[in-house]
Amino acid sequence: GGSEFASNFWPVTRGALFTLLFFVICFKKFHTYSGIVRFSSFIDLQRIILATFSGSVLTYLAYLLINKIEISYFIDMPDFRACLSIFALSTLALEIVRVTVKAMYDYFRTSESNYKVVIYGVRCGAVGLAKMINNQMPQRYHINGFMSPDGELSGGYLMGAKVIDVDTTT
């Protein structure tokens, strides 16, 4: 009822704010906020996982410490299962948001009047060229595909574009 809610409101609120402090510190340490629009990659997703995992571990360690010094009446911290749930849900939500923002940014940046290009190669030089083309402002080119000179990755996708074998184009 209402009295139960009122008696737990401030300890739970203080616990949530205390937990938030750990996550802010971890997000700052792993730089999960940088480059969300232009440079999102799997490295950024790994940073999110590391930051949320670290925040969850610190939260659980704080839970153990608070229970050991017996001030849980003042601050209510999440237990192990709750920390695991916080890790899973926050990681999933942050990664979905990051991928969605990146996809929307790419979608609204491309124009039908952009020149369609195909890049010859599938290795680091071609990927570097593709990243440079994608990061141009204003964007003038749209990468339509990659041509693989030796059949490497043929039929697959690289940076969202189809990879075709040079021998099949003739």
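Look a little higher up for the structure.
Residues numbered from 1 in each chain as written. Predicted model: local features only at pLDDT ≥ 70, side-chain atom pairs only at ≥ 80, totals over all residues. Heavy atoms only, no water.

1. Some points on unusual backbone geometry
For histidine 31, which is not glycine, the phi torsion reads 50° and is therefore positive. Position of histidine 31 relative to the elements: it lies in the loop between α1 (2–30) and α2 (42–68). (Helix = DSSP H or I, 4+ residues; strand = E, 2+ residues; numbered from the N terminus.)

2. Regarding the packing of α1 against α2
Direction vectors running N to C along α1 and α2 enclose 145°, while the axes themselves pass 8 Å from each other. The hand of the α1/α2 crossing is right-handed. On α2, the residues touching Phe18, Thr19, Phe22, Phe23, Cys26, Phe27 and Phe30 of α1 are Arg47, Leu50, Ala51, Thr52, Ser54, Gly55, Ser56, Leu58, Thr59, Ala62 and Ile66. (Axes fitted to C-alpha atoms, helices over the stretch in contact; angles between N-to-C directions. Left-handed = near helix turned anticlockwise from the far one by under 90°. Contact = heavy atoms within 4.5 Å.)

3. Remarks on the side chain of serine 90
Here serine 90 is to be found in helix α3 (residues 80–109). Looking at serine 90, its side chain comes within polar contact range of the main-chain oxygen of isoleucine 86, at 2.6 Å. Discounting residues that sit within four places of it in the chain, serine 90 has contacts with Phe23 and Thr52. (Polar contact = N/O pair within 3.5 Å; in protein donor to acceptor, adjacent residues only side chain to side chain.)

4. Structural notes on the packing of aromatic side chains
By the definition in use, this model includes eight aromatic pairs. Each ring, one from tyrosine 115 and one from tyrosine 141, has its centre 6.1 Å from the other, and the planes form 35°; the classification is tilted. Placement of tyrosine 115 in strand β1 (residues 115–120) and of tyrosine 141 in strand β2 (residues 141–148) is noted, with a sequence separation of 26 residues between them. For tyrosine 115, a relative accessible area of 58% gives the class exposed. Here the aromatic cluster, defined as three or more aromatic residues joined through ring pairs, consists of Phe5, Phe9 and Trp10. Sitting over the face of the ring of phenylalanine 30, lysine 29 holds its NZ or CZ atom 4.9 Å from the ring centroid. (Phe/Tyr/Trp six-rings, centres within 6.5 Å; stacked < 30°, edge-to-face > 60°. Buried < 20%, exposed > 50% of the residue type's maximum accessible area, 1.4 Å probe, protein only. Lys NZ or Arg CZ within 6 Å of the ring centre and 35° of its normal.)

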